[in-house]
Amino acid sequence: MRALTYYVGVTLDGFIAAPDGCYDFFPVTEPLLEFIAQEFPETLPTHVRSQLQITAPGTRFDAVVMGRATYEPALQAQITSPYVHLDQYVVSTTLPADVDPSVQVGRDPVPLVRRLKGEPGAGVWLAGGGALAGALLDEIDVLVLKRYPIVLGAGIPLFGAGAAEARPFDVVDERTLSGGTQVSTYARAT
């Protein structure tokens, strides 16, 4: 069965973006880019991979699931298929189904993810956002958090608003990159 991995950047106080959805305060350093290029190259948008001359296909994910707000910056840049190298799914109640032939639009994330997890292939990357991650919390198998040494004070939380219920995860890897960004990997506790 394929795993759903929520791989995302987060501030020390648990926000993935500012209240307006902006995330440009996250520092993009050379050590971070090297880490992503080596460990998660498929998570870089196709146009960024091209600019950085990254050709590694990646081995972790062959599908990406994102919410409308996560997809919106690509649309604003007139990029309707930001991850050409992955199967792309956008969860939205307002996006037209025919936004791009290589992007599938769905309304209900849980059945979508359960279907994807049951299909053959590499892992499924949950790219965000927080509300979608909250809706899919019980489906998330792995968390990979890039914790930046920044406190934001307010913003879009890692898991959106939801019912309080403890869901244990085990730490399986921790790294600190030069510049202070910590990358922690957690697996759902069994």
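Residues numbered from 1 in each chain as written. Predicted model: local features only at pLDDT ≥ 70, side-chain atom pairs only at ≥ 80, totals over all residues. Heavy atoms only, no water.

(A) Structural detail: the pairing of strand E4 (residues 87–91). With 4 of 5 residues buried, E4 is to be regarded as a mostly interior element. Two elements, strand E3 (residues 61–67) and E4, share 5 bridges in a ladder whose sense is parallel. For Ala63, the partnering residue across the bridge sits in E4 and is Asp87. Chirality of the crossover, the property in question, places the unit of E3, helix H3 (residues 68–76) and E4 among those that are right-handed. Sheet topology note: the E4/strand E5 (residues 103–106) ladder contains 4 bridges and is parallel. When the sheet's bridge partners are listed, Val91 is paired in E5 with Gly106. (Buried < 20%, exposed > 50% of the residue type's maximum accessible area, 1.4 Å probe, protein only. Helix = DSSP H or I, 4+ residues; strand = E, 2+ residues; numbered from the N terminus. Pairing = 2+ DSSP bridges. Right-handed = clockwise from strand over helix to strand, strands pointing away.)

(B) Representation of the side chain of Ser92 in the model. Note that Ser92 resides in the loop between E4 and E5. There is a polar contact of 2.9 Å between the side chain of Ser92 and the backbone nitrogen of Leu95. Apart from residues lying up to four places away in sequence, Ser92 is in contact with Arg68, Val105, Gly106 and Arg107. (Polar contact = N/O pair within 3.5 Å; in protein donor to acceptor, adjacent residues only side chain to side chain. Contact = heavy atoms within 4.5 Å.)

(C) Layout of the sheet that holds strand E9 (residues 169–176). Across the sheet, which stays open at both edges, the 8 strands sit in the order E5-E4-E3-E6-E1-E7-E10-E9 with mixed pairing between neighbours. With one partner strand each, in any of the chains shown, E5 and E9 form the two edges of the open sheet. The mean inter-strand angle of the sheet, taken between neighbouring strand axes irrespective of direction, is 20°. Bridging between strand E7 (residues 142–147) and strand E10 (residues 182–188) involves 6 bridges; their strand directions are antiparallel. Residue Leu143 lies in a different strand from E10, and its bridge partner there is Tyr186. The sheet strands contacting H3 are E3, E4, E5 and strand E6 (123–128), and the helix crosses E3 at an angle near 100°. (Axes fitted to C-alpha atoms, helices over the stretch in contact; angles between N-to-C directions.)

(D) Focus on helix H1 (residues 30–39). Buried within H1 are the following residues: Leu32, Phe35 and Ile36. Taken end-on, H1 shows its buried residues confined to a sector of 95°, consistent with a single buried face. The outward face of H1, more than 90 degrees from its buried face, is lined by the exposed residues Glu30 and Gln38. Lining the buried residues of H1 we find strand E1 (4–10), E7, E9 and E10. (Arc of directions from axis to C-beta.)

(E) The layout of surface pockets, seen in detail. Its volume calculated, the largest pocket comes out at about 1,300 Å³. Of all elements in the fold, only E1, strand E2 (15–17), H1, helix H2 (46–51), E3, H3, E6 and helix H5 (130–135) reach the threshold of two or more residues within the lining of the largest pocket. Broken down by element, the lining of the largest pocket gets its largest block of residues, 8 residues, from H3. For the lining of the largest pocket, the residue count by class is 30 nonpolar, 10 polar and 4 charged. (1 Å grid on protein atoms, 1.4 Å probe; cavity = no way out; pocket = protein on both sides within 12 Å on 5 of 7 lines; lining within 4 Å. Points joined across faces, edges and corners; volume = space filled by probe spheres on them. Nonpolar A, V, L, I, M, F, W, Y, C, P; charged D, E, K, R; others polar.)

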